[in-house]
Amino acid sequence: MFNLFSLFKKDKIWDFKGGIHPPEMKLQSSRTPMRIAQLPDEVIIPIHQHLGVPGQLCVSVGEHVLKGQPLTKGVGRTLPVHASISGTVTAIEPFPSAHPSGLPEIAVRIQSDGKDEWREKSPIINYQLESRETLLSRIHEAGIAGLGGAGFPTASKLKGGGDLVKTLIINAAECEPYITADDRLMQEHADEVIAGCQVLIHLLSPDEVLIGIEDNKPEAIEALKQALNAMPDEKRIFIRVIPTKYPSGGAKQLTKILTGKEVPSGGRSSDIGVLMQNVGTVVAIKRAIIDDEPLIERVVTVTGNGAKTPGNFWARLGTPIYSLLKQAGFVAGSEQMVIMGGPLMGFTLPDLNAPVVKITNCLLIPSAEEMDTDNLEEACIRCGHCVDACPSGLLPQQLYWFSKGKEHEKAQQHNLFDCIECGACAFVCPSNIPLVQYYRQEKAEIREIDAEAKRATEAKARFEAKKIRMEREKLEREARHQRAAVKLDDEEHSEVQSALSRVKAKQSIGKIISVKAGEEPDNAAAIAARKKRKEEVRAKQAAKLAQQKALEASSENTASESEDADPRKAAVAAALARVKAKKAQQATEAISTVEAPVQSAEAEDVDPRKAAVAAALARVKAKKAQQATEAISTVEAPVQSAEAEDVDPRKAAVAAAIARVKAKKEAQQAQTETTIDEAPAQNAETEEVDPRKAAVAAAIARVKAKKEAEQRRANKEEVTLD
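Rules used throughout
Residues numbered from 1 in each chain as written. Predicted model: local features only at pLDDT ≥ 70, side-chain atom pairs only at ≥ 80, totals over all residues. Heavy atoms only, no water. Pairing = 2+ DSSP bridges. Helix = DSSP H or I, 4+ residues; strand = E, 2+ residues; numbered from the N terminus. Buried < 20%, exposed > 50% of the residue type's maximum accessible area, 1.4 Å probe, protein only. Salt bridge = Lys/Arg side-chain N within 4 Å of Asp/Glu carboxyl O. Phe/Tyr/Trp six-rings, centres within 6.5 Å; stacked < 30°, edge-to-face > 60°. Lys NZ or Arg CZ within 6 Å of the ring centre and 35° of its normal. pLDDT = per-residue confidence, 0-100. Contact = heavy atoms within 4.5 Å. Disulfide = S-S within 2.5 Å. Patch = residues over 30% accessible without salt bridge, like charges linked within 9 Å, V, L, I, M, F, W, Y side chains within 5 Å. Areas by Shrake-Rupley, 256 points an atom, 1.4 Å probe, with all protein chains shown as cover. Lys, Arg positive; Asp, Glu negative; His and termini not counted. Charge placed at Lys NZ, Arg CZ, Asp CG, Glu CD. Core = buried A, V, L, I, M, F, W, Y, C linked by side-chain atoms within 4.5 Å. Axes fitted to C-alpha atoms, helices over the stretch in contact; angles between N-to-C directions. Parallel < 35°, antiparallel > 145°, perpendicular 65-115°, else oblique. Nonpolar A, V, L, I, M, F, W, Y, C, P; charged D, E, K, R; others polar.

Asks: Give me the sheet that holds strand β12 (residues 297-303): which residues, what numbers.
Replies: The strand order across the open sheet built from 6 strands is β1-β13-β12-β16-β14-β15, with neighbouring strands paired in mixed fashion. Edge positions in the sheet fall to β1 (35-36) and β15 (347-348), since each of these pairs with one other strand and no more. As defined by bridge partners, β12 adjoins strand β16 (residues 362-364) across 3 bridges and the pair is classed as parallel. The residue of β16 that forms the bridge with Thr 301 is Cys 362.

Structure, rendered in structure tokens:
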């Protein structure tokens, strides 16, 4: 009893609400075998032939390509396109497209070389050993898209199904009038259809595969049954013959007919465990996996009263439509139209030079009687026939008003995007209103509005991100500046600390000065250190000067011993002695002059004791300079008087030597007295002297010393002249 119920359920066929029964008009092309279209001299292959974005070009002008060679690269939902003939790429440029707008799209133009040579193939004999990812990758690389008219990337559709698919439906209904491409494909290539189903079973592992085919295709049904009987081990493929009704080939409608399930509004068939593929797509999958042939050709129905020899053609993708029409006996007229697709869902081609693409399933050349173009659009009479005919359960009349009135929000609320654009409502409309055209235009406008809103949202998001980034960068700059300021403060603090340490080191030379209120500071330690430094400098200078004089004296003594008793030489020697004595005096004065500014600079301090010390030192040095001058004059007088007398030359030389020795002794004695005289000068520091008086005294002492030096210099010059 259970088995009988299961068999009854499998064979049961459901129905969908609405639908129409237009004239089929299929016998014109279904009775003749398929023909292979002539190889075109040139193909124009648009790089965008599917839903999604176009791929990236991988060929250039002038390059030679082989049949099946990829022309673009595709990633994700972006499919590649392939060369359908072998030849040379002559141009990559915009070309009129097979689209209602006729707007140009980028296409690759290939000039045939007449060889039709394939690229290297690598077929898979036993695909059951390959992984699911490998097979899906090959389907993607073959550029397979839905050949039923939607053009959705097949590999992406199979990936989206995954393990959720319980029922695989093969759409072989082909319900639209005039079109017989799938009918003839099943009649002549039924074995490839079954082989493609087995490939899909390996990929998806469904519980069952249902081939839905209308009962107006008896030859195709018989061919499929024979191909299936040739595989007795295949128990998951079932052929389901359904009543002829338009649009039973719609995805949602065929799902309802075969399974009794309805796809939710806005959802996908995979949400209820169902996946659907067109019969032409199944054959393309078989050829891609087993034969390693990408999608470069498809079956195209060329029919209508405007074709003398209608039929179905294996046409290469990129073949100019006008060239294919000529092979069916088409003669262009002044007002002859050509429709790509069927009479209900197709569109008029604006340019017959457009190429055959992946979704080109039919080229209809109707006569004026077939299209009945004289019927003008009239006002809606609210008859409701469109509601009865709608297979999606919509309200076409309301959607018409909303679309015409640009009420986009209301149109969306009435499920405009559930419309499959089958044209059933327009077919039954007594007012000849092209309802589908209104719906298509409204969908396009809503998509554009949504795209603009999306762009605005993305722009706002970018602006907000930029604002956040700029704020972050500002905070980072402030933090860097703050760190730099802290570092600078640390450096300044370290410099201050080092300066303080140096001051403390200087103060540590003597004892720490402690000053109480009303008392004067004790500078004895600083004065002693300064005095010590000065004594060291003077000692070094005196030692250096004494060394030079000793060298000169020794050289002079040697020279004097070797001299003859010539009086002139003695006089010269005496003059040299005087000059050297004068130089010694000038060196002493230079030392005093150097010390005077130092002492005066020290006197500029506010401390009155330092000023008093400077004044005392100035007086002592002036006194010493005067005594040294008098000593030199005393020595020079006997020498000068001796020059005028006529004496023995030997005595003159002895006198000169004695004079030099005395001058040297006097200089040494002066230095010794300077060292001795500085002691009382230091004691003067203890006296409290008015700083102004001390400064005046120091200045007067310097002036007197200068005058005395000038006076002595003048006296010397007079003596020399005498």
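Asks: Residues and numbers for the environment of Gly 393, please.
Replies: Checked against the element boundaries, Gly 393 lands in the loop between α12 (385-389) and α13 (396-404). Judged by its relative accessible area of 51%, Gly 393 falls in the exposed class. For the pair Gly 393 and Cys 419, spaced 26 residues apart in sequence, the C-alpha to C-alpha distance is 9.0 Å.

Asks: Describe the sheet that holds strand β7 (residues 104-112), listing the residues and the values that go with them.
Replies: The 4 strands are arranged β2-β7-β6-β4 in an open sheet whose pairing can be described as antiparallel. If you trace the sheet from one side to the other, it starts and ends with β2 (42-46) and β4 (64-65), each paired once. Looking at chain direction, β4 and strand β6 (residues 87-96) are connected through 2 bridges and run antiparallel. Bridge pairing in β6 links Val 65 to Gly 87.

Asks: For the pattern of salt bridges, give the residues involved together with the corresponding values.
Replies: Tallied over the entire structure, the rule returns 24 salt bridges. In this structure, Lys 217 and Glu 214 form a salt bridge, with 3.6 Å as the shortest nitrogen-oxygen distance. As far as burial versus exposure is concerned, Lys 217 and Glu 214 are alike and both buried. Across the salt bridge formed by Lys 410 and Glu 407, the nearest N and O atoms sit 3.2 Å from each other. Overall, Lys 410 belongs to the partly exposed group, its relative accessible area being 40%. Under the relative-accessibility criterion, Glu 407 is labelled partly exposed at 31%. Salt bridges sharing common partners tie together Lys 67, Asp 116, Glu 192, Lys 286, Arg 287, Asp 291, Glu 297 and Arg 316.

Asks: Requested: an account of the packing of aromatic side chains, with residues and values cited.
Replies: Overall, the coordinates contain 2 aromatic pairs when judged by the stated rule. Aromatic pair Tyr 400 and Trp 401: ring centres 5.2 Å apart, planes at 50°, arrangement tilted. Taking relative accessible area as the criterion, Tyr 400 reaches 3% and is therefore assigned buried. Relative to Tyr 438, the ring of Tyr 400 lies with its centre 5.1 Å away and its plane at 80°, an arrangement referred to as edge-to-face. Placement of Tyr 400 in helix α13 and of Tyr 438 in helix α16 (residues 435-507) is noted, with a sequence separation of 38 residues between them. As far as the burial class goes, Tyr 400 and Tyr 438 line up, both buried. Grouping aromatic residues by their ring pairs yields a cluster made of Tyr 400, Trp 401 and Tyr 438. Directly above the aromatic system of Trp 118 lies the positively charged group of Lys 121, at a separation of 4.0 Å from the ring centroid. Here Lys 245 stacks its cationic end above the ring of Phe 16, 4.4 Å away from the centre of that ring.

Asks: Mind laying out unusual backbone geometry, listing which residues take part and the relevant values?
Replies: Note that the residue after Tyr 246, namely Pro 247, is joined by a cis bond; omega there is 5°. Looking at the element boundaries, Pro 247 is found in the loop between β10 (237-242) and α8 (251-259). One non-glycine residue, Arg 382, lies in the positive phi region at around 60°. Structurally, Arg 382 is set in the loop between α11 (368-371) and α12. Here Arg 382 falls in the exposed class, since its relative accessible area comes to 55%. Although it is not a glycine, Lys 406 adopts a positive phi angle of roughly 60°.

Asks: Explain the confidence of the model for the protein to me, using residue names and the numbers behind them.
Replies: When pLDDT is averaged along the protein, the result is 81, and 77% of the positions lie at 70 or above. Confidence drops under pLDDT 50 across residues 4-8; counting only partners more than four residues distant or on other chains, this segment forms 0 contacts. This stretch, residues 674-689, has a pLDDT under 50; its non-local contacts, to residues over four places away or in other chains, come to 20 contacts.

Asks: Provide a residue-level description of the pairing of strand β13 (residues 311-316), including the pertinent values.
Replies: Counting buried positions along β13 gives 6 out of 6 residues, so the element sits mostly inside the fold. Where β1 and β13 come together, 2 bridges link them in parallel fashion. Along β13, the bridge assignment pairs Ile 36 with Trp 314.

Asks: Can you lay out α8 for me, pointing to particular residues and giving the numbers?
Replies: Burial within α8 is extensive, with 7 of its 9 residues counted as buried. For α8, every residue scored as buried is listed here: Gln 253, Leu 254, Thr 255, Lys 256, Ile 257, Leu 258 and Thr 259. The inward-facing, buried residues of α8 contact β8 (167-171), β9 (208-214), β10 and β11 (274-278). Backbone geometry just after α8 places Gly 260 at a positive phi near 80°.

Asks: Requested: an account of the state of the cysteines, with residues and values cited.
Replies: Structurally, a disulfide amounts to a covalent bond that connects the sulfur atoms of two cysteines. A full pass over the atoms with the stated rule returns 0 disulfides. The thiol of Cys 419 is unpaired, and the distance to the nearest cysteine sulfur, on Cys 425, comes to 6.3 Å. On the basis of relative accessibility, which here comes to 15%, the residue Cys 419 falls in the buried class. The cysteine Cys 422 is free of any disulfide, with Cys 425 supplying the nearest cysteine sulfur at 6.3 Å. Its relative accessible area of 6% is what places Cys 422 among the buried residues.

Asks: Which residues make up a negative patch on the surface, and what values do they have?
Replies: On the surface, Asp 489, Asp 490, Glu 491, Glu 492 and Glu 495 cluster together to form a negatively charged patch. By the secondary structure assignment, Glu 491 is in helix α16.

Asks: Give me the nonpolar core: which residues, what numbers.
Replies: Ranked by internal contacts, the top residues of the largest apolar core, which has 71 residues, are Ile 170, Leu 203, Ile 211, Val 302, Leu 324 and Leu 363. The element contributing the most residues to this core is helix α6 (residues 190-204), with 9 residues. With near-sequence residues (within four places) excluded, Ile 211 lies in contact with Ile 170, Ala 172, Ile 194, Cys 197, Leu 224, Ile 237, Phe 238, Ile 239 and Arg 240. One finds Leu 399, Leu 435, Val 436 and Tyr 438 within the second-largest nonpolar core, a separate group that totals 17 residues.

Asks: Could you give me a rundown of the packing of helix α3 (residues 132-141) against helix α4 (residues 154-161), with the residues and numbers involved?
Replies: Interaxial distance between α3 and α4 falls to 8 Å at its minimum, and their mutual angle equals 150°. Between α3 and α4, the interaxial angle falls into the category roughly antiparallel. Judged by residue contacts, Arg 132, Leu 136, Ile 139 and His 140 of α3 engage Thr 154, Ala 155, Leu 158 and Lys 159 from α4. For the contact of α3 with α4, the class distribution of residues is 4 nonpolar, 2 polar and 2 charged.

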